[in-house]
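# Notes for the structure review
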Protein chains: 2
Amino acid sequence: MTQHLTSFLEIDSQSDFTIHNLPYGIFSESNPTHKRVGVAIGDWVLDLAALTAHGLLKIEGNQDYFNQPTLNAFIESGKHNWQYVRQTLQNLLSANNPTLRDNAELRTLVLRPQNAVTLHLPIHVPGYTDFYSSKEHATNVGTMFRDPKNALLPNWSELPVGYNGRASSVIVSGTDIVRPSGQIKLPNSERPVFSATRKLDFELETAFIVGKPTSLGQPIAIEDAWDHIFGMVLLNDWSARDIQQWEYVPLGPFNAKTFASAISPWVVTMDALEPFKVRGPVQQPQPLSYLQENIANSYDIQLSVEIQSPKSQTADVICQTNFKYMYWSMAQQLTHHTIAGCNVQVGDLMGSGTISGPTEDSYGSLLELTWNTTKPLTLANGEQRGFLEDGDRVIMKGHCEKDGIRIGFGQVENTILAAHRFDFQETEEVSYETV
Amino acid sequence: MTQHLTSFLEIDSQSDFTIHNLPYGIFSESNPTHKRVGVAIGDWVLDLAALTAHGLLKIEGNQDYFNQPTLNAFIESGKHNWQYVRQTLQNLLSANNPTLRDNAELRTLVLRPQNAVTLHLPIHVPGYTDFYSSKEHATNVGTMFRDPKNALLPNWSELPVGYNGRASSVIVSGTDIVRPSGQIKLPNSERPVFSATRKLDFELETAFIVGKPTSLGQPIAIEDAWDHIFGMVLLNDWSARDIQQWEYVPLGPFNAKTFASAISPWVVTMDALEPFKVRGPVQQPQPLSYLQENIANSYDIQLSVEIQSPKSQTADVICQTNFKYMYWSMAQQLTHHTIAGCNVQVGDLMGSGTISGPTEDSYGSLLELTWNTTKPLTLANGEQRGFLEDGDRVIMKGHCEKDGIRIGFGQVENTILAAHRFDFQETEEVSYETV
């Protein structure tokens, strides 16, 4: 059992940011270019650059890891430093350490109210890969788009299917999403039309961040893979289903997903997640030996999605699920990614794939929740949703709770803006209902 | 007609690197960390950092664009500077300019023999996208892997199909290729085996390099697209066909291509390519208006592939084709890439897709040249090839020639090394012939 720690700071029992968590992010105050590393604790941000300046955090070699616009330099400095900083901060914040507790002036210098800072993309993402590791999600999509009798393709059970995403459009929570436009093939027309997407969707995912690089041609053995993972974030892998369906055969999704992939601003470390480890689903058939692990290789992370209509003051929870349903583990994903020789870099973002659970209210996308609009959702204010409408806000949350200890991811939320108007808008608008 | 320029340097009439070309690269000498920008001219490299130090190249603002390990800073400085540097260098190298011509000491300081320098990856590649824009290639692959009657999928003629590649494994010519391993599904077995690929292939491509970035949500109009392109390189998009065939449905190629994508070291500018513009193939059906251009939007670039067996002293030409066969133009590719809102960054690499021509000796991959091993190639020394063997060297070359003016890309070449031996090698080796 994990030791309960308490902080001298007043932290709500339902806070995601307890002393057990200490996730890393990038923040600024009035000067938006002065970005630096902070750690979330309760309603505050602990300023690691300020802590260092005041001699409370000393890293070997005196590298400036915290006056940085991304976490990459700190992450690259290695696991030894990750653990040293975590221990140092837990000690500084603990109820029985007087250093900050009894020094109001020092506290003012190193702690900022979270609601007074701006949070930025925490990572420079050199590469973004998205997996497809929920059996329930892959089965649902295969049933709708291909063949219900052979919903799961033969390769799905043998390897963690994944594809390269677009790193340039990875954005932080809070960034607005312009409804994308592109080619859409309507069922009864011979040729595609150019239009704003009518099937704008979210995908509830988590993603892990690579903490230790490899060289080209150097596969990661499954037993070493966990050492290459720094932490996790929530990921909304924004998708335009109608663009996707027209474009994705044979080379995979492209414009349907490259317009935005949003992550939560706080990176929760694997050390913080350690108490919440569980065994993943039994894998049948047993994977080839390069993918075999016989350990608790999943995490009990409760996840939810909320939608807030622009006509409503409150958000509706429309999905509740759990990371533990994922079939393929993060170690299996990373090992498979490198097995043919591909190198990984610090900051690489590896999405889980949409996380759907076994029940209809645990599906991680509107495509599945509304079964491609055939079963629209009814919101609390009476509005219906097949896919997302302009002005909708989508909020994803995640947390772990066990033995009275809680840690969480905060949230990733974005609001939909109306599509661009193009000069060459060539086809008439087709109303949503006709699609 | 282009004006013929002559240099005071002796340049072979068959050289790729005439005064009309002036491609940019990154080189170092004895100290491998002192990387800097050079321009290829005949058998020499013109050192732009040295030129600047000696006051012969003055860029506004005195930014240090040339003492850099990549071309990105120079490219990002904008088209005005690209043109200014090109004009300055053509002037300095011309037969009637005495500055370098009559100053042997100065020449020694700024010109290095190409065979005495090391060439590096010229670009930091933030994103790598690969298109699929040869109709002949798409038809050949569709015929072999799917259905000869419907070889070309319906979306192919409507949009430049593309997918995200893996940027981390973009490598420069000369880097050895370790034969990748992974999951392969043999025709008569129920489950995949883990094995080194038996179907290692090249793909003859060119790629363009983005020179001007965009913001998220800002599509590039087709008439502006050419302004966003800095130059071109040769690209060998290494592929493992057996891994590809098992993994690629439904999300596209992944491990089959992420192990290496090799580019030529010299970036040929669009300014140098200008005299070789031609019209691309007629597009039928006429594309949607966002993709329409009615100009010479292709280039007459002669391309070839050679294989050198480790048992041979010479290389065999096995493919001769031309860039002008490509159905979708680079402007159409870039416009389509951004139409849904995806942003591009300076240095982004955009592969053409395999360049196959109309005849059997103009196919840009062994998959097509040997029709998936059913028509093996016979090399000059009598050896046969279905796919590549360990020790094989693959060399791709490209050049343009018109009105007595020649410019070229040099080459991209790599040699195949034997696969890793894995501890967990679980399945017996299956000989090549049985696949």
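Residues numbered from 1 in each chain as written. Chains lettered and ligands numbered in written order. Predicted model: local features only at pLDDT ≥ 70, side-chain atom pairs only at ≥ 80, totals over all residues. Heavy atoms only, no water.

In the annotation of an unreviewed UniProt entry, chain A is listed under the name fumarylacetoacetase and assigned to Acinetobacter suaedae. Check the Pathway (unreviewed entry) section of the UniProt entry for chain A; it says "Amino-acid degradation; L-phenylalanine degradation; acetoacetate and fumarate from L-phenylalanine: step 6/6." (UniProt positions renumbered as here; feature names shortened; annotations may be inferred.)

## Observations regarding the pattern of salt bridges
Residues and elements named next belong to chain B. In this structure the tally under the stated criterion is 44 salt bridges over all chains. Its salt-bridge partner being E29, residue R36 comes within 2.6 Å of it at the nearest N-O pair. Of the residues examined, R36 reaches a relative accessible area of 4% and is grouped as buried. Classification of E29 by relative accessible area gives partly exposed; the value is 29%. With a shortest N-O distance of 2.9 Å, R101 and D102 are connected by a salt bridge. (Salt bridge = Lys/Arg side-chain N within 4 Å of Asp/Glu carboxyl O. Buried < 20%, exposed > 50% of the residue type's maximum accessible area, 1.4 Å probe, protein only.)

## Brief notes about the sheet that holds strand 3 (residues 44-47) of chain B
Residues and elements named next belong to chain B. Strand order in the open sheet formed by five strands is 4-3-2-1-5, with antiparallel pairing between adjacent strands. The open sheet has two edge strands with one neighbour each: strand 4 (111-113) and strand 5 (118-120). The sheet shows a mean angle of 45 degrees between the axes of neighbouring strands, direction not considered. For strand 1 (residues 24-28) and strand 5, the ladder comprises three bridges, and the chain directions are antiparallel. Across the sheet, the residue bridging to S28 is T118, located in strand 5. Sitting on the sheet, helix 3 (residues 79-93) touches strand 1, strand 2 (36-41) and strand 3, and the angle it makes with strand 1 is about 70 degrees. (Pairing = 2+ DSSP bridges. Helix = DSSP H or I, 4+ residues; strand = E, 2+ residues; numbered from the N terminus. Axes fitted to C-alpha atoms, helices over the stretch in contact; angles between N-to-C directions. Contact = heavy atoms within 4.5 Å.)

## Let's talk about the UniProt feature "binding site: Ca(2+)" (unreviewed entry) in chain A
Residues and elements named next belong to chain A. Under the local residue numbering, the UniProt record ascribes the feature "binding site: Ca(2+)" (unreviewed entry) to D130, E203, E205 and D237. In sequence the annotated residues extend across 108 residues, while in space they remain close, none of their C-alpha pairs exceeding 11.2 Å. Structurally, D130 is set in strand 6 (residues 128-131). Owing to a relative accessible area of 2%, D130 belongs among the buried residues under this scheme. Not counting chain neighbours up to four residues away, the residues in contact with D130 comprise G162, Y163, G165, E203, E205, L235, D237, G351, S352 and G353. Mapped onto the elements of the fold, E205 is located in strand 13 (residues 204-210). Excluding anything up to four places from it in sequence, E205 contacts D130, L234, L235, D237, G351, S352, G353, T354 and I355.

## A word on the relation of the copies chain A and chain B
Note on the identical chains: chain A maps onto chain B by a rotation of 180 degrees and an axial translation of 0.0 Å, with an RMSD of 0.0 Å. Taken together, the rotation and translation relating the two chain copies correspond to the operation of a two-fold axis. Considering only C-alpha atoms, the part of chain A nearest the rotation axis is G252 of chain A, at 2.2 Å. When the interface residues of chain A are mapped onto chain B, 100% of them again fall at the interface, so both copies present the same face. (Least-squares fit on C-alpha atoms with pLDDT ≥ 70 in both.)

## Observations regarding the packing of aromatic side chains
In this structure the tally under the stated criterion is 25 aromatic pairs over all chains. Aromatic side chains W226 of chain B and Y299 of chain B sit 6.1 Å apart centroid to centroid with 70 degrees between the ring planes, which places their arrangement in the edge-to-face category. Of this pair, W226 of chain B sits in the loop between strand 13 (204-210) and strand 14 (229-236) while Y299 of chain B sits in strand 19 (residues 298-299), and the two are 73 residues apart along the sequence. Grouping residues by exposure puts W226 of chain B and Y299 of chain B together as buried. Each residue in the set Y24, F66, F74, W82 and F230 of chain A is aromatic and connected to the rest through ring pairs, giving one cluster. (Phe/Tyr/Trp six-rings, centres within 6.5 Å; stacked < 30°, edge-to-face > 60°.)

## Looking at the UniProt feature "active site" (unreviewed entry) in chain A
Residues and elements named next belong to chain A. Residues given the UniProt feature "active site" (unreviewed entry) here are H137. With respect to the helices and strands, H137 occurs in helix 6 (residues 135-145). On the basis of relative accessibility, which here comes to 3%, the residue H137 falls in the buried class. Each residue touching H137, except ones within four places of it in the same chain, is listed here: Y132, E203, T354, S356 and E368.

## Observations concerning the side chain of S304 of chain A
Secondary-structure assignment places S304 of chain A in strand 20 (residues 302-308). Setting aside residues no more than four positions away along its own chain, S304 of chain A makes contact with L204, C319, Q320, I395, M396 and K397 of chain A.

## Re the environment of V278 of chain B
Residue and element names in this part refer to chain B. Tracing the chain through its elements places V278 in strand 18 (residues 277-278). Considered as a pair, V278 and L349 are 71 residues apart in the sequence and their alpha carbons are 23 Å apart. Discounting residues that sit within four places of it in the chain, V278 has contacts with A296, N297, S298, Y299, D300 and K324.

## Let's talk about helix 3 of chain B
When the terminal C-alpha atoms of helix 3 of chain B are compared, their 21 Å separation across 15 residues agrees well with the 21 Å that a helix rising 1.5 Å per residue should span. By the burial criterion, the buried members of helix 3 of chain B are N81, W82, V85, R86, T88, L89, Q90, L92 and L93 of chain B. (Expected span 1.5 Å × (residues − 1).)

## Comments concerning the interface of chain A and chain B
Between chain A and chain B, the residue contacts involve 64 residues of the former and 64 residues of the latter. Put simply, chain A and chain B have four salt bridges between them. Of all elements in the fold, only strand 6, strand 7 (162-164), strand 10 (181-184), strand 11 (193-196), helix 7 (241-247), helix 8 (255-258) and helix 10 (330-338) of chain A reach the threshold of two or more residues within the side of chain A that touches chain B. Here the element with the most residues in the side of chain A that touches chain B is strand 7 of chain A; it accounts for three residues. Residues of the side of chain A that touches chain B, tallied by class, amount to 34 nonpolar, 23 polar and seven charged. (Nonpolar A, V, L, I, M, F, W, Y, C, P; charged D, E, K, R; others polar.)

## Considering the environment of D12 of chain A
In this fold, D12 of chain A is placed in the segment before strand 1 (24-28). Looking at D12 of chain A, its side chain comes within polar contact range of the main-chain nitrogen of Q14 of chain A, at 2.7 Å. (Polar contact = N/O pair within 3.5 Å; in protein donor to acceptor, adjacent residues only side chain to side chain.)

## Quick notes on the side chain of R166 of chain B
Considering the arrangement of structural elements, one finds R166 of chain B in the loop between strand 7 (162-164) and strand 8 (170-172). Among the polar contacts listed, one links the side chain of R166 of chain B to the backbone oxygen of N343 of chain A, at a separation of 3.1 Å. For R166 of chain B, the side chain forms a polar contact with the side chain of S168 of chain B, separated by 2.8 Å. The residues contacting R166 of chain B, other than those within four sequence positions of it, are G127, T129, N164, H337, C342, N343, V344, Q345 and D348 of chain A together with Y128 and T258 of chain B.

## A few points about the pairing of strand 1 of chain A
Residues and elements named next belong to chain A. For strand 1, a buried count of five out of five residues is recorded, marking the element as mostly surrounded by other parts of the structure. Here strand 1 shows a buried face lined by Y24, I26 and S28 and a second buried face lined by G25 and F27. By the bridge criterion, four bridges tie strand 1 to strand 2 (residues 36-41) in an arrangement that is antiparallel. In the sheet register, G25 faces strand 2, and the bridge partner there is G38.

## Examining the sheet that holds strand 9 (residues 177-178) of chain A
Residues and elements named next belong to chain A. The sheet built from five strands is open, its strands ordered 9-26-25-20-21 with mixed pairing. Each of the sheet's edge strands pairs with one partner strand only, and the pair in question is strand 9 and strand 21 (316-322). Where strand 25 (residues 393-402) lies against strand 26 (residues 405-417), nine bridges are found, and the strand directions are antiparallel. Note that in strand 26 the partner of C400 across the bridge is I407.

## Structural notes on the environment of E401 of chain B
Residues and elements named next belong to chain B. Note that E401 resides in strand 25 (residues 393-402). As for E401 and P275, which are separated by 126 residues in sequence, their C-alpha atoms are 9.3 Å apart. Ignoring any residue separated from it by four or fewer positions in sequence, one finds E401 in contact with Q14, F276, Q302 and R406.

## Examining the domain arrangement of chain A
Residues and elements named next belong to chain A. Domain parsing of chain A yields domain 1 (24-120) and domain 2 (128-417). For domain 1 and domain 2, the distance between their C-alpha centroids amounts to 30 Å. Each side of the interface is counted separately: domain 1 has 17 residues, and domain 2 has 16 residues. Summed over both partners, the interface of domain 1 with domain 2 buries about 1400 Å², with 66% contributed by carbon and sulfur atoms. (Domains from an automatic or database assignment. Buried area = accessible area lost by both parts, 1.4 Å probe.)

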